[in-house]
Amino acid sequence: MTAAHQQAVEHEIQRLLGLGATRPGALPLPDHHDLWAAFSRASDGGKRFRPGLLLSTHQALGGVREPAAVQVAAALELLHTAFVVQDDVIDGDQVRRGVPSLPGGIAADARRQGCAPAEAQRLGEAAGILAGDLGLIAAMRAITRCEAPAPVVERLLDLFESTLHATAAGELADVRLQLGPADGPVVLREALAVAELKTALYSFQLPLRAGALLADASPEVLAALDEIGSLLGIGFQLFDDLLGVFGDERRTGKSALGDLREGKRTALIAHASTTDAWPALQPLLGREDLGEREARSARSLLTAGGSRAWVEDLARWHVTSAAEAAVRHDLPPELVASLDLATAEILRAADLTLPATAPADAPRAQHRAQEGLPA
């Protein structure tokens, strides 16, 4: 995203947030003020890579609706913030980007004002759900008001609505996955399916397709971008799963203990259940009192058993395959270059936040063949 595009998107985000602050009209509603102010703070500090992907796609395809593209890009960022806030409620995350999450911050303020911990947590969770709802409404309203022809707006609304439905289903599937057993190839396949619904659709397929729709792209280009978005999104989520256990907390801004304490059924844990490390690893997972020493043991088992290397390789395969697909589908050179930059950024971020490790002992190709996944 160019500096001019970034400035335009930031200006539009602030305009939309300013509109949201005025929605109750003259009614004195301090709770609304606090809620929307918290949502506005939650929207700060992001990398804006989704708006960047939308704008670069629109430009690379020869789009001429730059004002509308900026407006939709800003709406997409509000959508992302709403999802993040509600995801923090679902996962019970109190920290986001190294600072209190919206539900965590509201709960902390309530505790400082004398609320009991359980009551403060309930207030924070309620605020997260409600703020997310308001953010989704603001995003959808921004789409309806964007400066694009009515048929294009209609297609954008269909795209955003279908993405909302699929992402909600993915979130629920993720929660449901945590209720079942952590072992077996079925769990691994379900974890990959959840990655596509939760991450690939709204973080990659949505901005790519929205930018293409604004540029009046052909059905063939739209189908190619859907494939590329799916590959990028799954790879991105697999890296995120690794960061939840192995990530450098100083760079990621989130705990590397949470997923282990939750015993989260990610592809990493699902793969580990098929290795010889599982009998020693399983008792360490899902323990709320898990300390750093036990976490180091869990990480060592995940590394020695080959699970970390297998998931990292699979993540890299998905991301690099996206770049290869852009060439295979004969997309415009400027769009291929833009997608190359996106894949390079994902890989660079993974390299920066994942500590280096020695090669694992477990044969990666054998596990891939067993699961019917790419070698």
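Here's what I pulled together on the structure shown here. Keep in mind that what you see is a predicted model, and the values were worked out from it rather than measured. Residue numbers here run from 1 along each chain, matching the order of that chain's written sequence. Restriction of local features to residues with pLDDT of at least 70 applies here, the model being predicted, together with a cutoff of 80 or more for giving and counting side-chain atom pairs; totals for whole chains, interfaces and linings are based on all residues. Side-chain measures were taken over the full set of non-hydrogen atoms in the model, leaving aside hydrogen atoms and water.

The next thing to look at is the environment of A169. Of note, A169 is situated in helix 7 (residues 150-179). A C-alpha to C-alpha distance of 8.8 Å links A169 and V194, two positions 25 residues apart in sequence. By definition, any uninterrupted DSSP run of H or I lasting at least four residues is a helix, any uninterrupted run of E lasting at least two residues is a strand, and each is numbered from the N terminus.

Bringing the packing of aromatic side chains into the picture now. Two rings from Phe, Tyr or Trp (for Trp, the six-membered ring) form a pair when their centres sit within 6.5 Å of each other. Planes less than 30 degrees apart are called stacked, planes more than 60 degrees apart edge-to-face, and all others tilted. On inspection of all chains with the given rule, the structure shows five aromatic pairs. With centroids separated by 4.7 Å and ring planes inclined at 75°, the aromatic side chains of F83 and Y202 adopt a geometry described as edge-to-face. Note that F83 is positioned in helix 4 (residues 66-91) and Y202 in helix 8 (residues 185-214), a separation of 119 residues in sequence. Residue burial is assigned from relative accessible area. The probe radius is 1.4 Å, only protein chains are included, and a residue is buried under 20% of its type maximum, exposed over 50%, and partly exposed in between. A relative accessible area of 11% places F83 in the buried class. Across from the ring centre of F246, 4.8 Å away, lies the NZ or CZ of R308, which sits over that ring. Note on criteria: charge over ring means Lys NZ or Arg CZ within 6 Å of the ring centre, with the direction from the centre no more than 35 degrees off the ring normal.

Patch membership requires more than 30% relative accessible area and the absence of a salt bridge. Residues of like charge join within 9 Å; the nonpolar side chains Val, Leu, Ile, Met, Phe, Trp and Tyr join within 5 Å. Using the Shrake-Rupley algorithm and a 1.4 Å probe, accessible areas are obtained, with residue cover drawn only from the displayed protein chains. By definition, a salt bridge exists where a carboxyl oxygen of Asp or Glu is found within 4 Å of a side-chain nitrogen of Lys or Arg. A surface patch of nonpolar side chains, amounting to about 250 Å² of accessible area, comprises I90, L172 and V175. Turning to its location among the elements, L172 is positioned in helix 7.

So, about empty space enclosed by the protein. Detection works on a 1 Å grid of protein atoms alone, calling trapped sets that fit a 1.4 Å probe cavities and calling open sets with protein on both sides within 12 Å along at least five of seven lines pockets, with lining residues defined by an atom within 4 Å of a point. Grid points are joined across faces, edges and corners, and a volume is the space filled by probe spheres set on the points. Taken as a whole and assessed by the stated rule, the structure comprises one cavity of 30 Å³ or more. In this structure, the largest cavity spans a volume of roughly 50 Å³. Three residue categories are used. Nonpolar comprises Ala, Val, Leu, Ile, Met, Phe, Trp, Tyr, Cys and Pro, charged comprises Asp, Glu, Lys and Arg, and polar comprises the others, including Gly. Class assignment of the residues belonging to the lining of the largest cavity gives a composition of three nonpolar, three polar and two charged.

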